[in-house]
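The residues making up each chain are set out below.
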Amino acid sequence: MPASKVVMGPDGHLIVPDNPVIPFIEGDGIGPDVWSASKLVLDAAVEHIYSGKRKIEWLEILAGEKAFNETGDWLPAESLDIAREYLVSIKGPLTTPVGGGIRSLNVALRQELDLYVCLRPVKWYKGVPSPVVHPENVNMVIFRENTEDIYAGIEFAMGTPEAEKLLHFLVNDLHAGKKIRFPETSAFGIKPVSKEGSERLIRAAIKYALEHNLPSVTIVHKGNIMKYTEGAFKLWGYALAEREFGDKVYTWGQWENARKTQGEDAANARLKRAESQGKLIIKDVIADNFLQQILLSPGDYSVVATLNLNGDYISDAAAASVGGIGIAPGANINYITGHAVFEATHGTAPRFANTNTMNPSSLLLSGVMMLEYLGWTEAAECIEEALATTIKRKRVTIDFYNLMHDATLLKTSEFAQEIIKNLV
């Protein structure tokens, strides 16, 4: 069967052919090593499960150092056009150019394709070394807003005409001069947070929780300090949940109203009744407290919705409790258009480039997420189980080997072959 494109259907669901063309960026530094290992496993699992009835046709596109060396451009327009045309793609880690140009290739891809959700599942696999006592209690999916907040890149360096103009406006028009401690040596950054951007992120998180029969969505914010951005994010989230999802959810906002009008005992009874009825609980936590709670009581959280900077901190901190970002997958998704870029969440580690020693699990598990997104759940589950078996048998790459007792050290490519052996 000839290869063809993944497209978004009129009902808002992907139409996936049996031989989809999937663009890939192998990445910089250790990217080629972890990509080749991941591709090997992905192809083997698809063949193992579907016996030739389905197959991915891979299409390389350029970004990062390889693109710059071949075209003089860190992110060629052609690569963006192909990613836009074929909807679903996957990438290894990309370097950030030094001394000008694109501030972050990863951020540029998210902005250009409007990939408003950064999806980061955090789950422990038995046998993975962890710094916490009960990593098995960590099982959450983080929805990080991906296009706004300080990552919008609206910054002005100290002493520039733009910074001086903004300072003049703040002092003379908004009368905020007293809030700027050292005006002559200040740089400035602007944090845009929109109602539309917040709502589409929180809507996606709630839909995910309902579709996967999960108990709660936690809105994580710093609204006690940033009242009109992060505080609004929380309020918009509660309002959206009640307006669009009705009896399927119960919010802490509703609990608070019940507490004020009927008393705390009655409010708690209503909350317990909602939980017993299987309603999705929508709650919120201040960001700094949440970073503490994911260590103390991680089992209290299943789906998390948060803004861009908080999400950056939280996703890496949570990943540390289950073995680190070396085994943390990630995806950048626009659920409206269907565009998605699945990616390794770690850096390029150039010191280890071409050594065939690094753990490919982050990129491989991102590939698992991609298969799930395509609806090929049987192949996704097959890989995840084989990876878990391989780790349980202590046949691992150097990162886990150094933290395990009586483990067998494998190269990146050998680790991939071991996973393939364990496909069932």
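Residues numbered from 1 in each chain as written. Predicted model: local features only at pLDDT ≥ 70, side-chain atom pairs only at ≥ 80, totals over all residues. Heavy atoms only, no water.

## Let's talk about the overall build of the protein
Next, step 1: When you go through the protein residue by residue, the secondary structure sums to 15 helices and 17 strands.
Next, step 2: Taking 22 Å as the expected radius of gyration for a compact globule of 424 residues, we find that the protein reaches 23 Å, a close match to that expectation.
Next, step 3: Principal-axis analysis of the C-alpha atoms places the extent of the protein at approximately 60 × 60 × 50 Å.
Next, step 4: In the protein, which comprises 424 residues, the share counted as buried stands at 51%.
Next, step 5: A total accessible area of about 20000 Å² is found for the protein, and carbon and sulfur atoms account for 53% of it.
Next, step 6: On the protein, the mean spot of the 42 positive side-chain charges and the mean spot of the 52 negative ones are 6 Å from each other. (Helix = DSSP H or I, 4+ residues; strand = E, 2+ residues; numbered from the N terminus. Rg over C-alpha atoms; globule rule 2.2 N^0.38 Å. Buried < 20%, exposed > 50% of the residue type's maximum accessible area, 1.4 Å probe, protein only. Areas by Shrake-Rupley, 256 points an atom, 1.4 Å probe, with all protein chains shown as cover. Lys, Arg positive; Asp, Glu negative; His and termini not counted. Charge placed at Lys NZ, Arg CZ, Asp CG, Glu CD.)

## What about the side chain of Glu-384?
Next, step 1: Mapped onto the elements of the fold, Glu-384 is located in helix H13 (residues 377-392).
Next, step 2: For Glu-384, the side chain forms a polar contact with the side chain of Lys-123, separated by 3.2 Å.
Next, step 3: Those residues in contact with Glu-384, other than ones at most four positions away along the chain, are Lys-123 and Tyr-125. (Polar contact = N/O pair within 3.5 Å; in protein donor to acceptor, adjacent residues only side chain to side chain. Contact = heavy atoms within 4.5 Å.)

## Section: the pairing of strand E10 (residues 216-221)
Next, step 1: Burial analysis of E10 places six of its six residues in the buried class, which makes it a mostly covered element.
Next, step 2: Judged by which residues are buried, E10 turns out to be covered on both faces: Ser-216, Thr-218 and Val-220 on one side and Val-217, Ile-219 and His-221 on the other are all buried.
Next, step 3: With six bridges connecting them, E10 and strand E12 (residues 280-286) associate as parallel partners. Of the residues in E12, the one forming a bridge with Ile-219 is Asp-284.
Next, step 4: Where E10 lies against strand E13 (residues 303-306), four bridges are found, and the strand directions are parallel. Paired with Ile-219 across the strands is Ala-305, a residue of E13. (Pairing = 2+ DSSP bridges.)

## As for a negative patch on the surface
Next, step 1: A surface patch of negative charge is lined by Glu-372, Glu-378, Glu-381 and Glu-385.
Next, step 2: Examining the composition of the negative patch, we find that three residues originate from one element, H13, more than from any other.
Next, step 3: On the secondary structure map, Glu-372 appears in helix H12 (residues 361-374).
Next, step 4: Take Glu-372: its relative accessible area is 40%, and that puts it in the partly exposed class. (Patch = residues over 30% accessible without salt bridge, like charges linked within 9 Å, V, L, I, M, F, W, Y side chains within 5 Å. Salt bridge = Lys/Arg side-chain N within 4 Å of Asp/Glu carboxyl O.)

## So, the packing of helix H1 (residues 31-50) against helix H15 (residues 412-421)
Next, step 1: One can describe the packing of H1 onto H15 by two numbers: an axis separation of 9 Å at closest approach and a directional angle of 15°. Classed by the angle they form, the pair H1 and H15 counts as roughly parallel. Here the hand of the crossing between H1 and H15 comes out right-handed. Between H1, through Asp-33, Val-34, Ala-37, Leu-40, Val-41 and Ala-44, and H15, the contact on the second element is made entirely by Thr-412, Ala-416, Gln-417, Ile-419 and Ile-420. (Axes fitted to C-alpha atoms, helices over the stretch in contact; angles between N-to-C directions. Parallel < 35°, antiparallel > 145°, perpendicular 65-115°, else oblique. Left-handed = near helix turned anticlockwise from the far one by under 90°.)

## So, the sheet that holds strand E3 (residues 21-25)
Next, step 1: Spatial strand order, E4-E3-E5-E15-E14-E6-E7-E13-E10-E12-E11: eleven strands in an open sheet with mixed pairing. Two strands lie at the open edges of the sheet, namely strand E4 (57-60) and strand E11 (249-251), each paired on one side alone. Neighbour-to-neighbour, the strand axes of this sheet turn through a mean angle of 25°, independent of strand direction.
Next, step 2: Pairing between strand E5 (residues 88-91) and strand E15 (residues 340-344): four bridges, direction parallel. When the bridges of E15 are listed, Ser-89 appears paired with Val-341.

## With respect to the nonpolar core
Next, step 1: Counting residues in each nonpolar core, the largest one holds 79 residues, and the members touching the most others are Phe-143 and Ile-206.
Next, step 2: With nine residues, H12 is the single largest residue contributor to this core.
Next, step 3: If we ignore the near neighbours within four places in the chain, the residues touching Phe-143 are Val-117, Cys-118, Leu-119, Leu-201, Ala-204, Ala-205, Tyr-208, Val-303, Val-304, Ala-305, Thr-306 and Tyr-335.
Next, step 4: With 17 residues, the next largest nonpolar core counts Leu-80, Ala-83, Leu-105 and Val-341 among its residues. (Core = buried A, V, L, I, M, F, W, Y, C linked by side-chain atoms within 4.5 Å.)

## Digging into the pattern of salt bridges
Next, step 1: For the structure on display, the rule yields 21 salt bridges.
Next, step 2: A salt bridge links Glu-199 to Arg-243; the nearest nitrogen and oxygen atoms lie 3.2 Å apart. With Glu-199 in helix H6 (residues 195-211) and Arg-243 in helix H7 (residues 230-245), this pair connects stretches of sequence that are 44 residues apart.
Next, step 3: Among the charged side chains, a network of salt bridges with common partners joins Glu-199, Arg-203, Arg-243 and Glu-244.

## Notes on the packing of aromatic side chains
Next, step 1: Summed over all chains, the structure comprises eight aromatic pairs.
Next, step 2: Ring plane angle 85° and centroid distance 6.4 Å describe the contact between Phe-24 and Trp-58, whose orientation is recorded as edge-to-face. One end of the pair, Phe-24, is in strand E3; the other, Trp-58, is in strand E4, and 34 residues separate them in sequence. Per residue, the accessibility class of Phe-24 equals that of Trp-58, and both read buried.
Next, step 3: Cluster of aromatic residues (ring-pair linked, three or more members): Phe-24, Trp-35 and Trp-58. (Phe/Tyr/Trp six-rings, centres within 6.5 Å; stacked < 30°, edge-to-face > 60°.)

## Regarding unusual backbone geometry
Next, step 1: Phi at Asn-356 is positive, roughly 55°, even though this residue is not glycine.
Next, step 2: With respect to the helices, strands and loops of the structure, Asn-356 is situated in the loop between E15 and H12.
Next, step 3: Accessibility expressed as a relative area gives 25% for Asn-356, which makes it partly exposed.
Next, step 4: Of note in the backbone geometry, Asp-406 takes a positive phi value of approximately 60° without being a glycine.
Next, step 5: Structurally, Asp-406 can be placed in the loop between helix H14 (398-401) and strand E17 (408-409).

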